[in-house]
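Understanding the architecture of this molecule
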Amino acid sequence: MRVLHVIPSLRPKSGGPARIVPELCRALAATSTEVTLFSTHLAGADITIDAPREPYEVVLFHGADGSLGGARRIQNAIRDRKSDFDLIHIHSFWNFVVTSAARVARQAELPYLITPMGMLSEACMRQRHYLLKRAYSLAIDRRTVQGAARLHLANVDELKSLHKGWFTYPEHFFARNAVEIARDVTPGSFRARFPELVGRRIMLFLGRLHAIKGLELQLRALELLVPKYADLIWLLIGPDDGEWKRLNPLIKKSGLEAHVKWIGPIMGVERFSALADADVLVQTSSYECQSMTVNEALAIGVPLVVTDSVNYSELQAHGAGFVVRRDPAALADAIDSVLRAPRSIEQMRNAGRRFAAKELSRSKIAGAINGLYAEVVAGAAEQSVSGDGRRETQIKHA
């Protein structure tokens, strides 16, 4: 099987997809699948992969994230190399790269899948540019969705959240995000790099500093917890996506500067080292389809406290943490339950690792997706041949 993956951006600032897609490509490359990854990139910009060292082909096209110029270059490359691929797997939505890749796939009669990464949810639709998205969907992207062979969703929660009325959705399938943890993580190594973390309890946020992440909610929970835990520090790790400018004055007004530290983005082994040294990871996004940060925390074995809007009820069911409503007091109570029970912490760590090993391993996810690829390619080949053996002009996707 020869599969092309397309994603608009691999920059850390673009969030979880920039880590999710390379991890999936690595999982698939470890099987018999031949994997190629196309994305846009500007020289000198940060990127989530070391392209020459990846176990699959990486082609980066000049252009800003999802730009029209980059989209055209990717479109032309797909047209030139269409015979190299059996299937195209397109990740993300609402950008020119996705639209262009889907269009040329239809023209080349190549079946394609779309992984919307939560971007077709009601919450995402209404977050920003609602009217522009509506116009774009009517004029262009209805064909992008309707022409897909399958819609790849992370879980049932993402299916339930799909925006109704704009699109006719193709058949869907579920597959979680695969996670693989670096084996050379040394507990305590991250704390050792930052003296102000030594001897402190770490309440960790790991991700983009963006309005959707609900960081003010975490700050309000911190206010409630500091009187009880004088050694507590809220550690934020990730690129700023516009939220720090709003958040920083609130921290100062609350008098919590000594209990907050933001260190910007980190990648690779250092990221996992930070997770390993955290006492609790907190996620309060107003919407997530399946958080890669939560997956990594489960695999490392970090106790978790998340809001129900993160859509990860399994972690409480499996004893790996708490799921609470979006309320500062409820959030603080759950974090308190983690911090004051060392024995429970160890149980949560072990439960998270067991869940990740069973449900999030590369081999499990790659096997499920490879099975889907084979089904789609076989179906497309069967449907593209008419009764007299001649190819029809277009594939009629299931």
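Here the focus is the packing of aromatic side chains. Under the counting rule described, the total for this entry stands at 10 aromatic pairs. Pairing F93 with F167 gives two aromatic rings, centres 5.9 Å apart and planes at 90°, and the pair type is edge-to-face. You can see F93 sitting in the loop between β4 (87-91) and α3 (96-107) and its partner F167 sitting in the loop between α6 (156-161) and β7 (172-174), a full 74 residues away along the chain. When the centroid spacing of 5.0 Å and the interplanar angle of 35° are considered together, the rings of W244 and W262 count as tilted. Of this pair, W244 sits in helix α9 (residues 244-254) while W262 is found in strand β10 (residues 260-262), placing the two residues 18 residues apart along the sequence. You can call W244 buried: its relative accessible area is 17%. Looking at W262, the relative accessible area reads 29%, which means it is partly exposed. An aromatic cluster of at least three residues, connected via ring pairs, comprises F93, W94, W166, F167 and Y169.

Quick look at the nonpolar core now. The biggest cluster of nonpolar side chains holds 61 residues, and the ones touching the most others in it are L204, L275 and L298. Leaving out residues up to four positions away in the same chain, L275 has contacts with L204, L206, L281, E296, A297, I300 and V302. L225, V282, V305 and M348 belong to the second-largest nonpolar core, a separate cluster that totals 33 residues.

On to the sheet that holds strand β3 (residues 57-62). Strand order in the open sheet made by the seven strands is β3-β2-β1-β4-β5-β6-β7, with parallel pairing throughout. Of all strands in the sheet, those bounded by a partner on one side alone are β3 and β7. Strand after strand, the sheet turns through a mean of 25° between neighbouring axes, direction not considered. Note that β4 and strand β5 (residues 112-115) share four bridges and pair parallel. Among the inter-strand pairings, H89 is bridged to a residue of β5, identified as L113.

A few words on the side chain of T99. Relative to the helices and strands, T99 resides in helix α3. Note on T99: relative accessible area 3%, which makes it buried. In this structure the side chain of T99 is engaged in a polar contact, spanning 3.0 Å, whose partner is the side chain of D141. Every residue in contact with T99, bar those within four places of it in the chain, is listed here: Y136, I140, D141 and T144.

A few words now on the pairing of strand β1 (residues 2-9). Most of β1 is tucked away, with seven of its eight residues classed as buried. As judged from the six bridges shared by β1 and strand β2 (residues 34-41), these two strands associate in the parallel manner. Each bridged residue has a counterpart across the sheet, and for R2 the counterpart in β2 is E34. For the segment spanning β1, helix α1 (residues 17-29) and β2, crossover handedness is right-handed. Summarising the sheet, β1 and β4 pair through four bridges and their orientation is parallel.

This part takes up the sheet that holds strand β12 (residues 304-307). Here six strands make up an open sheet; going across it, the order is β10-β9-β8-β11-β12-β13 and the pairing parallel. Of all strands in the sheet, those with a lone pairing partner are β10 and β13 (321-324), marking the two edges. Taken over all neighbouring pairs, the strand axes of this sheet differ in orientation by 20° on average, direction set aside. Taken together, the three bridges between strand β9 (residues 232-237) and β10 define a ladder with parallel strand orientation. The residue of β10 that forms the bridge with L235 is K261.

Conventions used here
Residues numbered from 1 in each chain as written. Predicted model: local features only at pLDDT ≥ 70, side-chain atom pairs only at ≥ 80, totals over all residues. Heavy atoms only, no water. Phe/Tyr/Trp six-rings, centres within 6.5 Å; stacked < 30°, edge-to-face > 60°. Helix = DSSP H or I, 4+ residues; strand = E, 2+ residues; numbered from the N terminus. Buried < 20%, exposed > 50% of the residue type's maximum accessible area, 1.4 Å probe, protein only. Core = buried A, V, L, I, M, F, W, Y, C linked by side-chain atoms within 4.5 Å. Contact = heavy atoms within 4.5 Å. Pairing = 2+ DSSP bridges. Axes fitted to C-alpha atoms, helices over the stretch in contact; angles between N-to-C directions. Polar contact = N/O pair within 3.5 Å; in protein donor to acceptor, adjacent residues only side chain to side chain. Right-handed = clockwise from strand over helix to strand, strands pointing away.

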